[in-house]
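The primary structure of each chain is shown beneath.
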Amino acid sequence: MAEHSQPNQPKRVLSGMRPTGKLHLGHYHGALKNWRSLQDGYECFYFVADWHALTTDYGDTEIFANHVVDMVIDWLATGIDPGKASIFLQSAVPEHAELHLLLSMTTPLSWLERVPSYKEQQTRLEGKSLDTYGFLGYPLLQAADILIYAAEFVPVGGDQAAHVELTREVARRFNHLHRAPVLAEPAALHTQVAKLPGLDGQKMSKSYNNAIALREAPESVAKKIRTMPTDPARVRRTDPGDPAKCPVWQFHQVYSDANTRDWVREGCVSAGIGCVDCKKPVIEAVLAELAPIRETARHYENNPDEVRDIIRQGSEKARQAASATMDRVRDAMGLSRW
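Described in the following lines is the structure provided in the data block.

What counts, and where the lines are drawn
- Residues numbered from 1 in each chain as written.
- Predicted model: local features only at pLDDT ≥ 70, side-chain atom pairs only at ≥ 80, totals over all residues.
- Heavy atoms only, no water.
- Helix = DSSP H or I, 4+ residues; strand = E, 2+ residues; numbered from the N terminus.
- Buried < 20%, exposed > 50% of the residue type's maximum accessible area, 1.4 Å probe, protein only.
- Contact = heavy atoms within 4.5 Å.
- Areas by Shrake-Rupley, 256 points an atom, 1.4 Å probe, with all protein chains shown as cover.
- Pairing = 2+ DSSP bridges.
- Salt bridge = Lys/Arg side-chain N within 4 Å of Asp/Glu carboxyl O.
- Phe/Tyr/Trp six-rings, centres within 6.5 Å; stacked < 30°, edge-to-face > 60°.
- Expected span 1.5 Å × (residues − 1).
- Axes fitted to C-alpha atoms, helices over the stretch in contact; angles between N-to-C directions.
- Parallel < 35°, antiparallel > 145°, perpendicular 65-115°, else oblique.
- Left-handed = near helix turned anticlockwise from the far one by under 90°.
- Core = buried A, V, L, I, M, F, W, Y, C linked by side-chain atoms within 4.5 Å.
- Nonpolar A, V, L, I, M, F, W, Y, C, P; charged D, E, K, R; others polar.
- Disulfide = S-S within 2.5 Å.
- Lys, Arg positive; Asp, Glu negative; His and termini not counted.
- Polar contact = N/O pair within 3.5 Å; in protein donor to acceptor, adjacent residues only side chain to side chain.

**Overview of the overall build of the protein**
- A count of helices and strands for the protein gives 14 helices and 5 strands.
- Considered along the principal axes of its C-alpha atoms, the protein spans approximately 80 × 45 × 45 Å.
- Per-residue burial over the protein gives 47% buried out of 338 residues.
- Considering only contacts in the protein between residues 6 or more positions apart, those separated by 24 or more positions represent 76%.
- Accessible surface computed for the protein: about 16,600 Å², of which carbon and sulfur atoms make up 51%.

This is the structure in structure tokens:
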């Protein structure tokens, strides 16, 4: 039978990130703040998706060891608590690969080809050779990641909802074929997150060179914000502007209170304040937010073996949960009868 939370047990949540190294403010506002709040009310499993990274960066394997530790340091520094959430490495739990293999026997190829991000990624990463099964099958590996923990909720943005729906379809098909509710269907957990753009108004990304790292030096952060582009109509200090056309305004929507936003809006459209004045509250707010993160990260930077121990312990706990699911899967498929 599929494993579900008992009435007195917290519901289970699963989420993960590819190991890209040190993280930036976009990761913090888009995911980590949400993860931190979820760990107080749910049984959370947060994993480093190193196998997923290989689906597009399969020729660059040496970067992952350092990137894993760097990324987990940022998780810990932003408040992800290994006492509340299991932090683990995908490749340290081989049951993910086994379930992926078994699910691939019954998942129609057309289901994978219709996932929206499949064609989008091919277009965006057209310089890479992505005609591999690993790339085509990564949504199924993602489904295995979720199903193997009987996760009831998966926190997602709108662009990831299709992956959760595919996971539900895969679970239903498996249960139907084997005439038993072995795999639990997850639900997408849509939570309110602040959308923080990059310094140029695009999506914040290291590859776009428009990001502020969580552990970036204060003087570098201040310089980046001071030199952010603004409304192109404001050529001179006396030219009125439109906050809607200014990337700095999007930062104010995340960091500033209503009074400050009113001051910015009125000062911009009337040319009562200059762009330098407008950026000062943002600089102060971002620096205040990053200061405790940098301080906490310093401890883990100086003690990387402690980070590795946290990952190992989390991986052991994750493997226990994954093994329980695989026992039920093997039994339903007749693979445990020898």
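**So, helix α11 (residues 247–255)**
- Every buried residue of α11 is listed here: Pro 247, Val 248, Trp 249, Phe 251, His 252 and Tyr 255.
- Tucked inside the fold, the buried residues of α11 contact α1 (25–38), α12 (258–269) and α13 (275–302).

**Remarks on the pairing of strand β1 (residues 12–17)**
- Counted residue by residue, β1 has 5 buried out of 6 residues, so it is predominantly covered.
- When β1 meets strand β2 (residues 43–48), the two strands line up parallel, connected through 6 bridges. Its bridge partner lying in β2, Gly 16 is registered against Phe 47.

**What to know about the pattern of salt bridges**
- This structure, assessed with the given rule, holds 20 salt bridges.
- Two residues, Glu 216 and Lys 224, come together in a salt bridge whose shortest N-O distance is 2.9 Å.
- Relative accessible area serves as the criterion here: at 12%, Glu 216 is assigned to the buried category.
- Connected through shared salt-bridge partners, Asp 70, Asp 74, Arg 215 and Glu 301 make up one network.

**Brief notes about the packing of aromatic side chains**
- If you walk through the whole model with that rule in mind, you get 9 aromatic pairs.
- For the ring pair Trp 35 and Trp 75, a centre distance of 5.0 Å and an interplane angle of 75 degrees mean the geometry is edge-to-face. Taken together, the residues Trp 35 in helix α1 and Trp 75 in helix α3 (residues 64–77) connect sequence positions 40 residues apart. Both residues of the pair, Trp 35 and Trp 75, count as buried.
- Taken together, Phe 45, Phe 47, Phe 88 and Tyr 149 form an aromatic cluster joined through their ring pairs.

**As for helix α14 (residues 304–333)**
- For α14, which comprises 30 residues, the first-to-last C-alpha distance of 42 Å matches the rise-based estimate of 44 Å (1.5 Å per residue) to within 8%.
- Turning to α14, its buried residues are Val 307, Ile 310, Ile 311, Gly 314, Ser 315, Ala 318, Ala 321, Ala 322, Thr 325, Met 326, Arg 328 and Val 329.
- Just beyond α14, the residue with positive phi is Gly 334, at close to 80 degrees.

**Considering the packing of helix α4 (residues 95–104) against helix α8 (residues 138–147)**
- Between α4 and α8, the least distance of the axes is 9 Å, while the angle of their chain directions is 120 degrees. With respect to each other, α4 and α8 are oriented oblique. As α4 runs across α8, the sense of the crossing is right-handed. When α4 is examined against α8, the residues His 96, Leu 99, His 100, Leu 103 and Ser 104 are found in contact with a partner set consisting of Leu 140, Leu 141, Ala 144, Asp 145 and Leu 147.

**Comments concerning the nonpolar core**
- The biggest cluster of nonpolar side chains holds 54 residues, and the ones touching the most others in it are Leu 25, Leu 32 and Trp 75.
- Setting aside anything within four residues of it in sequence, one finds Leu 25 in contact with Leu 196, Met 204, Ile 212, Leu 214, Tyr 255, Val 286, Glu 289 and Leu 290.
- Judged by nonpolar contacts, the second largest core, of 39 residues, contains Leu 103, Trp 111, Val 154 and Ala 322.

**Observations regarding the packing of α3 against α14**
- At a minimum axis separation of 10 Å, α3 and α14 run at an interaxial angle of 85 degrees. With respect to α14, the element α3 is oriented roughly perpendicular. Residues Val 68, Val 69, Val 72, Ile 73 and Leu 76 of α3 touch α14, and the partners they reach there are Pro 304, Val 307, Arg 308, Ile 310 and Ile 311.
- When grouped by side-chain class, the residues that make up the contact of α3 with α14 number 9 nonpolar, no polar and 1 charged.

**Quick word on the state of the cysteines**
- According to the stated counting rule, one finds 0 disulfides in the structure shown.
- Not engaged in a disulfide, the cysteine Cys 246 finds its nearest cysteine sulfur in Cys 278; these two sulfurs lie 5.7 Å apart.
- Residue Cys 246 is classed as buried on the basis of its relative accessible area of 8%.

**A look at the side chain of Arg 234**
- Summarising the element assignment, Arg 234 is placed in the loop between α10 (218–226) and α11.
- Asp 231 provides the closest opposite charge to the buried, unpaired Arg 234, separated from it by 6.6 Å.
- Within the structure, the side chain of Arg 234 is placed 2.7 Å from the backbone oxygen of Asp 239, a separation counted as a polar contact.
- Apart from residues no more than four positions distant in its own chain, Arg 234 is found in contact with Asp 239, Pro 240, Gly 241, Gly 267, Cys 268, Ala 271, Ile 273, Gly 274 and Cys 275.

**Quick notes on the pairing of strand β3 (residues 85–89)**
- A large share of β3 lies buried, amounting to 5 of its 5 residues.
- Here β3 shows a buried face lined by Ala 85, Ile 87 and Leu 89 and a second buried face lined by Ser 86 and Phe 88.

**What about unusual backbone geometry?**
- Of note, Arg 179 is a non-glycine position whose phi angle comes to about 55 degrees, a positive value.
- With respect to the element layout, Arg 179 can be found in the loop between α9 (161–177) and β5 (187–189).
- According to the relative accessible area criterion, Arg 179 is exposed, its value standing at 75%.
- With a phi close to 55 degrees, Asn 209 is a non-glycine residue in the positive phi region.
- Locating Asn 209 in the fold gives a position in the loop between β5 and α10.

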